[in-house]
Amino acid sequence: MKIHEYQARDLFRRYGIPVNNYTMVRSPGEARRASTNWSQVVVKAQVLTGGRGKAGGVKLAESPEEVEAKASEIFGMDIKGFKVDRILVCDAAPIAKEHYLGMILDRACQGVTLMLSDQGGVDIEDLAASNPDAIHKLTLFPHQELDEKTLKKFLGQSISGEAQLNQALDAAKSLYTLFLSTDASLAEINPYALTPDGKMLALDGKINFDENALFRHPEIASLRNPEEDSEDEIEAREKNLSFVSLRGSIGCIVNGAGLAMATLDLIKHYGGDPANFLDVGGSSNPQKVADALSIILRNPKVKAILINIFGGITRCDDIANGLLLARKQLTIELPLVIRLVGTNQAQGRSILESAGLSAKDDLDEAIKAVIAAVGGKP
Ligand code: GDP
Ligand code: MN
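Because the structure is predicted, anything quoted here is derived from the model rather than measured.

What counts and how
- Along each chain, the written sequence defines residue order, and numbers are assigned to residues from 1.
- Labels follow written order: the first chain is A, the first ligand is 1, and so on.
- Residues qualify for local features only when their pLDDT is at least 70, as the model is predicted, and side-chain atom pairs are given and counted only at 80 or more; totals for whole chains, interfaces and linings, by contrast, use all residues.
- Derived side-chain values reflect all non-hydrogen atoms in the structure, with water molecules and hydrogen atoms excluded from consideration.
- Metal donors: N, O and S atoms at distances within 2.8 Å, or within 3.2 Å for Na, K and Ca, with water omitted from the atom set so that some sites may seem incomplete.
- To qualify as a helix, a DSSP run of H or I must reach at least 4 residues; to qualify as a strand, a run of E must reach at least 2; elements of each kind are numbered from the N terminus.
- Per-residue accessibility, obtained with a 1.4 Å probe over protein chains only, is compared with the maximum for each type, and a residue is labelled buried under 20%, exposed over 50%, and partly exposed between these values.
- Think of a nonpolar core as a cluster: buried Ala, Val, Leu, Ile, Met, Phe, Trp, Tyr and Cys residues, connected wherever their side-chain atoms sit within 4.5 Å.
- Reported domain spans reflect what an automatic or database domain assignment gives.
- Throughout, a residue-residue contact means that at least one pair of heavy atoms, one from each residue, lies within 4.5 Å.
- Consider each residue's heavy atoms; a residue with any of them within 4 Å of a molecule or strand counts as near.
- Here a polar contact means two N or O atoms within 3.5 Å. Within protein one must be a hydrogen donor candidate and the other an acceptor candidate, and residues neighboring in sequence count only if both atoms are side-chain atoms.
- For every accessible area listed, the method is Shrake-Rupley and the probe measures 1.4 Å; residues are considered covered only by the protein chains on display.
- Two strands pair if DSSP finds at least two bridges between them.

This paragraph deals with the coordination of the manganese ion (ligand 2). Protein coordination at the manganese ion (ligand 2) comes from Asn190 (O) and Asp204 (OD), with a distance range of 2.2 to 2.3 Å. Of the two residues, Asn190 sits in strand 10 (residues 184–194) while Asp204 sits in the loop between strand 11 (200–202) and strand 12 (205–209), which places them 14 residues apart along the sequence. When sorted by exposure, Asn190 lands in the same class as Asp204, which is buried.

Counting residues in each nonpolar core, the largest one holds 44 residues, and the members touching the most others are Phe12, Leu155, Ile207 and Phe209. Considering each element in turn, this core owes the most residues, 9 residues, to helix 6 (residues 162–181). Two domains each provide a minimum of three residues to this core, namely domain 1 (21–91) and domain 2 (97–221). Once you skip the residues sitting within four places of it in the chain, Phe12 turns out to touch Ile17, Val19, Leu175, Leu178, Glu188, Ile189, Ala202, Asp204, Gly205 and Ile207. Core analysis: the second largest hydrophobic core is formed by 27 residues, Ile253, Ile338, Ile351 and Leu352 among them.

Attention shifts here to the site of ligand 1. In the vicinity of ligand 1 lie 17 residues, with Lys44, Arg52, Gly53, Ala93 and Glu98 positioned nearest. Note that a nitrogen atom of ligand 1 is positioned 2.7 Å from one of the backbone N or O atoms of Ala93. One nitrogen or oxygen atom from the side chain of Asp204 is found 3.1 Å from an oxygen atom belonging to ligand 1. Expressed as a share of its isolated accessible area of 570 Å², the protein-covered part of ligand 1 is 84%. The set of elements that each furnish at least two residues to the shell around ligand 1 consists of strand 2 (41–45) and strand 10. No fewer than three residues from each of domain 1 (21–91) and domain 2 (97–221) sit in the shell around ligand 1.

The next thing to look at is the pairing of strand 10. Across the 11 residues of strand 10, 10 count as buried, placing the element largely inside the fold. Pairing of strand 7 (residues 97–106) with strand 10 involves 7 bridges; the strand directions are antiparallel. Looking at the pairing, Gly102 lines up with Glu188 of strand 10. For strand 10 and strand 12, the ladder comprises 5 bridges, and the chain directions are antiparallel. Counted as the bridge partner of Ala184 is Phe209 from strand 12. Bridging between strand 10 and strand 11 involves 3 bridges; their strand directions are antiparallel.

Shown next as structure tokens:
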């Protein structure tokens, strides 16, 4: 789950990471009123994507009138598909140097990898590609006690001056505490700025959280921004379906995340394009299948639906009953291709047959059939 910069700043503050003053606003007039005490103001689009500076979503202003004018320009902007409906006004900090400080859940190292550079700012992605050596890395292991000496030495590779180093050490420790105690998967401060009078300040923040750990953090879960997900994804979450919108024309209903991934791969392999990832889960009840179909049918891009069930805990008769239930609740005019094997396969198939539907054994065959149904080459 992603959060906005203003939400990340609230967390930075709570964990003791110094930030410049800021207020989130929802109108240009509010932006002007919120920033009257500041001589230089940064006006920033709040959208759930990076690269706002380069997209024109971060502007400096030097008077309340200019703040209002810049805010008017930014409200309503579309940045990488996100419409700006919130703006952050900040007391602009003078910058002597822009550092980058981040940490990421690093599966390869089985730890939390810290990243640090003295070339922070809007070009950090380019830097990572063109000169990866300019980004220092250190992996920390949550089950081990943090070794401050090692951390300080690491920070010293990019941050000079004892006073700055101590500020950075405190900030890095706080960011690490925040990261671990909220089950974050990514936390970044960029720029982590040095001001001419020697202060280290977080001028931008980005934090992502592990979706599967959100149940442990209701206060973090409550920060969720619905615009992160499509309407389909929101409805699917409410119905306890694991669903991700994709761009293609073949709606997919599959039991089990692994089989769902393999199904998407095979559709691609045979030249088709899936419209979604959907895992109806292990112990499927018929209503889940009906819910899944109703979400998929609302997508106008979907031209045919593939149901791929390899019944283990999932019973084929439940799936078949779910399909019949869905046909009572919804009008299904699209071609349905069903592959149904596994637990209670015979019962499932006879339920389908009684309703005039048939099922296939072979997955490759089913996928070729659904691709043919959308007019693609098999
Ligand atoms: P991003 O482009 O989405 O990462 O947005 P940022 O919040 O990082 O802003 C982009 C750039 O604007 C930063 O790299 C800074 O160079 C500049 N910027 C942001 N806040 C301030 C500030 O308080 N003072 C100054 N002088 N520049 C700022
Ligand atoms: Mn940034």
